[in-house]
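Analysis of the macromolecular model
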Amino acid sequence: MLRKIRIFAATFCFVLITLLFLDFTGTIHAWFGWLAKIQFWPALLALNVGVVVGLVILTLLLGRVYCSVICPLGVLQDIISWFASKRKKYRFSYSPALKWVRYAALVVFIVACIAGIGSLVALISPYSAYGRIASNLFAPIYQEGNNLLAYFAERMDSYAFYSVDVWVRSLATMGIAILSFVILAILAWRNGRTYCNTICPVGTVLGFLSKYALLKPCIDTDKCNGCGLCARKCKASCIDSKNHAIDYSRCVTCMDCLDNCRQGAISYTRAHKADKATSVKESSTKDTTDVSRRRALSATALVAMSSVLHAQQKKLEDYVEMKKDGGFAPIKERKEPNRLAPLVPPGALSIGNLAQHCTGCQLCVSVCENHVLRPSTDLMKLMQPEMAFDRGYCRPECVKCSEVCPTGAIKPITKEDQSAIQIGHAVWVKDLCIVNTDGMSCGNCERHCPTKSIQMVAKDPADPKSLKIPVINTETCIGCGACEYLCPSRPYSAIYVEGHEMHRSI
Amino acid sequence: MNRRKFLKVFGGGAVASSAALYGCAPKNEPGAAVALGEVPTDKMTYRQHPTNGDKVSILGYGCMRWPLKQGSDGKDQIDQEAVNRLVDYAIEHGVNYFDTSPVYVQGMSEKATGIALARHPRNSYYLATKLSNFQNYTRENSLAMYRQSFRDLQTDYLDYYLLHSIGGGNGIELFNDRYINNGMLDFLVKEREAGRIRNLGWSFHGDVKVFDYVLDMGVKWDFVQIQLNYLDWKHASGRNVNADYLYGELEKRGIPAVIMEPLLGGRLSNVPDHIVARLKQQRPENSVASWAFRFAGSPDGVLTVLSGMTYMEHLQDNIRTYSPLIPVTDEEKDFLEETAQLMMKYPTIPCNDCKYCMPCPYALDIPGILLHYNKCVNEGNVPKSAQDENYAKARRAFLVGYDRSVPKLRQANHCTGCEQCNPHCPQGIDIPKEMQRIDKFVEELKVNG
């Protein structure tokens, strides 16, 4: 029964958290956005005392149910492990805790946090790992499925579904997501909760607490016949059946052992009642496990984008010169300008605040409907969001990233705030502007500036009839990128946004 | 999805399934006689040219909208198999006038038309093409264009040759530059004497002064091509001239008229629902488009009515309408005039999807944007304000449909206002102005979610 409740609750959380990363309409977020905010590490980053205290109390009462129910990465491993158990039912065995690995991982994690190495933090943190797996691996499948529906909807002249662009935001992050998934899948397939009990810093911290939990699975030695089935079913490898002992720091309270014990010897009960059960003495653990099986997550493999050589095949045209009707001019792909400072979304307060609080979960990147946000490729803050305007710009009606951020890296803002926060300012590149390159009038930047910070003035001050060039009032410019996105100059925009280290209100 | 795309996807299937149903239906049951019946092959109405006696089918094939497919290089190419099939079908069913130009379909029309027609005896059809020297009108380039038409169309004579779209730009000055100052008109008159051009004429859009001037400039014109339909008859848009005037002037002089834009690029078939109902109520078994074609073919001085038929279903429908042509009665003319006035209430943009404006140097899909806008106007999906009753539905239809019809980087917000397109528009649409208007509208829809 308890196991069934756990499975039900875990499915509920897992499906909905996954949908947070997949749903691009905002419906799920409106109802279940809180599921991301009750994740332990994001809540800690957000200094969300309520949630952290709540989770601590939860663990002190019930043990590590957090790991079994709320943490999507834990549930993902359970799912993989469940598939593996279809092949071999009783495939686990007790192994002593790898304490030094756990503590080392925790220390590395804390040091990385303090030193501000966001990329390392994001690499280890369970919620971040799940986020990048969901947004990089699951979301494209979901979106393609949606696009298929949209395809049929279009053919039926229905507007129920609309298609969305499916694209790789960052090859590096995608690579890390694949690597994370593969490593986790292998670990979970072979040994269940290895990651949770050796690397996961949240698991280690909650493990400290769960030792003192009020309710725990306890073995009644009177009933136990020492068959060892519980240990062979324990995905946390924490039941030492010979000694009738359970390592509560690793037990994720999945209740599998309860249902599995044919003698009914294990019950989820108050610890002092089961005083016959002795907890594993820490000194008795000897490092006999095969260390080679434990793999630390290694650094990233950066896949360099191979530049496509455009072999300009000069086709021999007919010698008649004419303007042919129809067809499309090709669109040169946008290239990212070399910004001195990166652009981070309004609500982030400053580049530093984002770097400190962001855990790189990709939630903001997933929900950015204008395709502005993408994971940074900077090694220090790998996978943290950054803005680019090649596919859209930060539109005034959208504050989604600030709504979904669970860590307080992007603080909630209103639409009114959005257009009053200066995240950067536009810079005009004289030599690229089509007024100078094509001798054409334009003014598309001026027409689309939401804050009216661009004016068009005659290029030649002496000749009011000369073509007009844009001039920017950097005091009122908010850095939304409309001008950069809509500039006709390609591959580089003739007007681009420079990021501000500290955001300001105007 | 517009009507065209829909037909492209489902047209074939629908035709096949209706054919199958027809085959299965017992012959003696009511309804078994299927509303449409066979497409007649021998009932086409022909008009005789007053001077040379050419017997021209009232349905002329406009070769400006040949079906396209994507080539292996990702670029558009004409679906030659489909063109062959369409041309064969048209000739089988009595169509004998084919009108093309060197600039049509990204410059590929003449070649494709030539390939399809070369499979038929040269005396079984009349070939019309144009001197489309819009960009470079030096004598050398114009001559080269003229000669290339012969090569691409695989012929040694042209039945009808036109000075293409006069009346645009700055009017008479441009006309003189394109045809008089470079001696091309003199040259073409000589070519007519030599028999390489059988009929010399011109097509007209725009400045009425040019129309009047060229008509009476002392050259014998064998035919003139004008835009005529029941909307333009009295309610020409933009710079266009009312067709009743243009046609009247030609009739006075006994010059046969070739009709273009009888359907306004589909705008007279893709009409608001209540107008569909109105037209269908009168003749439930005839298509909405048939009204436009009957109107355009009715005046006696019309030699042929051009239609750019991309799909077999359009071709079949038009053949039915003209096999034979039942001229519109006076009552029907009044009825169509009332219909025109009803249509005028819809603020559509008079784009006929001719694609002369394309390619836009800044990569916009101008006709795609305008067509989507018009579609939404007709379907009532262009809300005036966020307080409108069906605002949410209309907004979604407009925005979702917009992304479906036009890729994001080709949408109206990328218009630079450079105005390079404007001189090419035969309908005189101020394209950048419309782009910016639509962009503003889209912006409002997006912001007011």
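Residues numbered from 1 in each chain as written. Chains lettered and ligands numbered in written order. Predicted model: local features only at pLDDT ≥ 70, side-chain atom pairs only at ≥ 80, totals over all residues.

1. A short note on the overall build of chain A
The cut-off we apply is this: Each helix is a run of H or I in the DSSP string that is no shorter than four residues. Each strand is a run of E no shorter than two, and both are numbered from the N terminus. Counting other C-beta atoms within 10 Å of its own, a residue is labelled buried from 20 upward, exposed at 12 or fewer, and partly exposed in the gap between, with every C-beta atom placed from the backbone.
A count of helical and extended segments in chain A gives 22 helices and 10 strands. Overall, chain A is about 100 × 50 × 45 Å in size when its C-alpha atoms are taken along their principal axes. Taking all 506 residues of chain A together, 46% fall into the buried category.

2. Thoughts on the overall build of chain B
Keep this limit in mind: C-beta atoms are first placed from the backbone for all residues, and any pair lying within 7 Å is then listed as a contact.
Within chain B, the secondary structure is distributed over 17 helices and 12 strands. For chain B, the spread of C-alpha atoms along the principal axes amounts to about 65 × 65 × 50 Å. When the 449 residues of chain B are sorted by exposure, 46% land in the buried category. For chain B, restricting intrachain contacts to residue pairs at least 6 apart in sequence, the fraction spanning at least 24 positions comes to 74%.

3. Observations concerning the interface of chain A and chain B
How big an interface is tends to be reported as the loss of accessible area on association of its parts. Operational definition: Residues are sorted three ways: Asp, Glu, Lys and Arg are charged, Ala, Val, Leu, Ile, Met, Phe, Trp, Tyr, Cys and Pro are nonpolar, and all the rest, Gly among them, are polar.
Every contact between the two is made by 31 residues of chain A and, on the other side, 43 residues of chain B. In terms of residue count, helix H21 (residues 444–448) of chain A provides more of the side of chain A that touches chain B than any other element does, three residues in total. Its residues assigned to classes, the side of chain A that touches chain B shows 14 nonpolar, six polar and 11 charged.

4. Examining the sheet that holds strand E9 (residues 197–204) of chain B
All names here are of chain B. So the rule is basically this: At least two bridges found by DSSP between two strands is the condition for calling them paired. Axis lines are fitted to C-alpha atoms, over the contacting stretch for helices. Their N-to-C directions set the angle, which ranges from 0 to 180 degrees.
Strand order in the closed barrel formed by eight strands is E3-E6-E7-E8-E9-E10-E11-E12, and the pairing between neighbours is parallel. Taken over all neighbouring pairs, the strand axes of this sheet differ in orientation by 25 degrees on average, direction set aside. Two elements, strand E8 (residues 158–166) and E9, share six bridges in a ladder whose sense is parallel. Following the sheet pairing, Leu162 is matched in E9 by Gly201. Packed on one face of the sheet, helix H12 (residues 288–297) meets strand E11 (257–260) and strand E12 (302–307) and runs near 155 degrees to E12.

5. Notes on the packing of helix H4 (residues 109–117) of chain B against helix H5 (residues 139–153) of chain B
All names here are of chain B. Two elements in contact, H4 and H5, have axes whose closest approach is 7 Å; the angle formed by their N-to-C orientations is 35 degrees. Residues Glu110, Lys111, Thr113 and Gly114 of H4 lie in contact with H5, whose contacting residues are Ser149, Asp152 and Leu153. A breakdown of the residues in the contact of H4 with H5 according to their chemical character gives one nonpolar, three polar and three charged.

6. Some points on the domain arrangement of chain A
Let me state the cut-off plainly: These domain boundaries are the output of an automatic or database domain assignment.
Segmenting chain A into domains produces domain 1 (2–149 + 160–283) and domain 2 (423–506). With centres defined by C-alpha atoms, the gap from domain 1 of chain A to domain 2 of chain A works out at 50 Å.

7. A word on the pairing of E12 of chain B
Residues and elements named next belong to chain B. Most of E12 sits inside the fold, with six of its six residues counted as buried. Taken together, the three bridges between strand E3 (residues 59–62) and E12 define a ladder with parallel strand orientation. Among the inter-strand pairings, Gly60 is bridged to a residue of E12, identified as Leu306. Bridge count for E11 against E12 is three bridges, and the pairing is parallel. Of the residues in E12, the one forming a bridge with Val258 is Thr304.

8. Here's the deal with the confidence of the model for chain B
All names here are of chain B. What counts, and what does not: Confidence scores per residue from the predictor, reported as pLDDT, run from 0 to 100.
Mean pLDDT over chain B: 90, with 92% of residues reaching 70 or higher. Across chain B, the secondary-structure element scoring lowest on mean pLDDT is helix H1 (residues 3–24), at 47, and the one scoring highest is strand E6 (residues 97–99), at 98. Predicted confidence for residues 6–27 stays below pLDDT 50, and this span has 12 contacts to residues more than four positions away or in other chains. Interface confidence in the predicted complex, given as ipTM, is 0.78; pTM for the same model is 0.79.

9. Re the nonpolar core
Across soluble globular proteins, nonpolar side chains have a tendency to be buried as a group. The condition that has to hold: As used throughout, a nonpolar core is a set of buried Ala, Val, Leu, Ile, Met, Phe, Trp, Tyr and Cys residues joined through C-beta atoms within 7 Å of each other.
Formed by 127 residues in total, the largest nonpolar core has its most connected members in Tyr66, Leu363, Cys364 and Cys483 of chain A. Both domains that furnish three or more residues to this core are identified here as domain 1 (2–149 + 160–283) and domain 2 (423–506) of chain A. For Leu363 of chain A, the contacting residues outside a window of four places in its chain are Leu20, Phe21, Ala36, Gly131, Val404, Cys405 and Pro406 of chain A. In terms of nonpolar packing, the next biggest core, distinct from the first, is built from 116 residues, Val210, Leu264, Leu279 and Val382 of chain B among them.

10. Some thoughts on unusual backbone geometry
Backbone torsion omega between Arg490 of chain A and Pro491 of chain A reads 0 degrees, so that peptide bond is classified as cis. Looking at where Pro491 of chain A falls in the secondary structure, it is placed in the loop between helix H22 (482–486) and strand E10 (495–505). Cis rather than trans, the peptide bond between Met358 of chain B and Pro359 of chain B has omega equal to -5 degrees. Not every positive phi belongs to a glycine, and Leu47 of chain A is a case in point at roughly 55 degrees.

11. Observations concerning helix H16 (residues 391–405) of chain B
All names here are of chain B. Quick note on the threshold: Every helix has an expected span of 1.5 Å times one less than the residues it contains. This arc corresponds to the set of directions leading from the helix axis out to the C-beta atoms.
Given a rise of 1.5 Å per residue, 15 residues ought to cover 21 Å, and the 20 Å separating the end C-alpha atoms of H16 matches this to within 8%. Where H16 is concerned, the buried positions are Arg395, Ala397, Phe398, Gly401, Tyr402 and Ser405. Seen from one end, H16 has its buried residues packed into an arc of 165 degrees, which puts them on one side. For H16, the secondary structure elements touched by its buried residues are helix H15 (366–378) and helix H17 (431–447).

12. A closer look at the packing of helix H2 (residues 80–92) of chain B against H4 of chain B
Residues and elements named next belong to chain B. For clarity, the threshold we go by: Reported orientations rely on four angle classes, namely roughly parallel under 35 degrees, roughly antiparallel over 145, roughly perpendicular from 65 to 115, and oblique for the rest. Should the near helix be turned anticlockwise from the far one by less than a right angle, the crossing is left-handed, and should it be turned clockwise, the crossing is right-handed.
In the contact formed by H2 and H4, the axes pass within 9 Å of each other and the chain directions differ by 55 degrees. Our classification of the angle between H2 and H4 gives oblique. For the element pair H2 and H4, the recorded crossing hand is right-handed. For the pair H2 and H4, contact is made by Gln80, Val83, Asn84 and Val87 and by Ala112, Ile115, Ala116 and Leu117, respectively. Grouping the amino acids of the contact of H2 with H4 by side-chain chemistry returns six nonpolar, two polar and no charged.

13. Description of the environment of Phe24 of chain A
Residues and elements named next belong to chain A. With respect to the helices and strands, the residue Phe24 is situated in the loop between helix H1 (2–22) and helix H2 (27–32). Between the alpha carbons of Phe24 and Cys483 there is a distance of 25 Å; along the sequence they are 459 residues apart. Discounting residues that sit within four places of it in the chain, Phe24 has contacts with Val164, Val367 and Glu369.

14. Some points on the confidence of the model for chain A
A low pLDDT score tells you not to read the predicted coordinates there in detail. Mean pLDDT over chain A stands at 87; residues scoring 70 or higher make up 91%. Low pLDDT, under 50, characterises residues 274–317 of chain A; the stretch is placed with 45 contacts to residues that sit more than four places away or in other chains.

15. Considering the environment of Leu19 of chain A
All names here are of chain A. When you line up the elements, Leu19 lands in helix H1. On the neighbour-count criterion, Leu19 (18 C-beta atoms within 10 Å) is partly exposed. When the C-alpha atoms of Leu19 and Ile246 are compared, they prove to be 35 Å apart, with 227 residues separating the residues in sequence.

16. Some words on the environment of Ile199 of chain A
Residue and element names in this part refer to chain A. Checked against the element boundaries, Ile199 lands in the loop between helix H12 (194–198) and helix H13 (201–210). With 27 C-beta atoms counted inside 10 Å, the residue Ile199 sits in the buried group. For the pair Ile199 and Leu106, spaced 93 residues apart in sequence, the C-alpha separation works out to 7.5 Å. Apart from the residues within four sequence positions on either side, Ile199 is in contact with Ala105 and Ile124.

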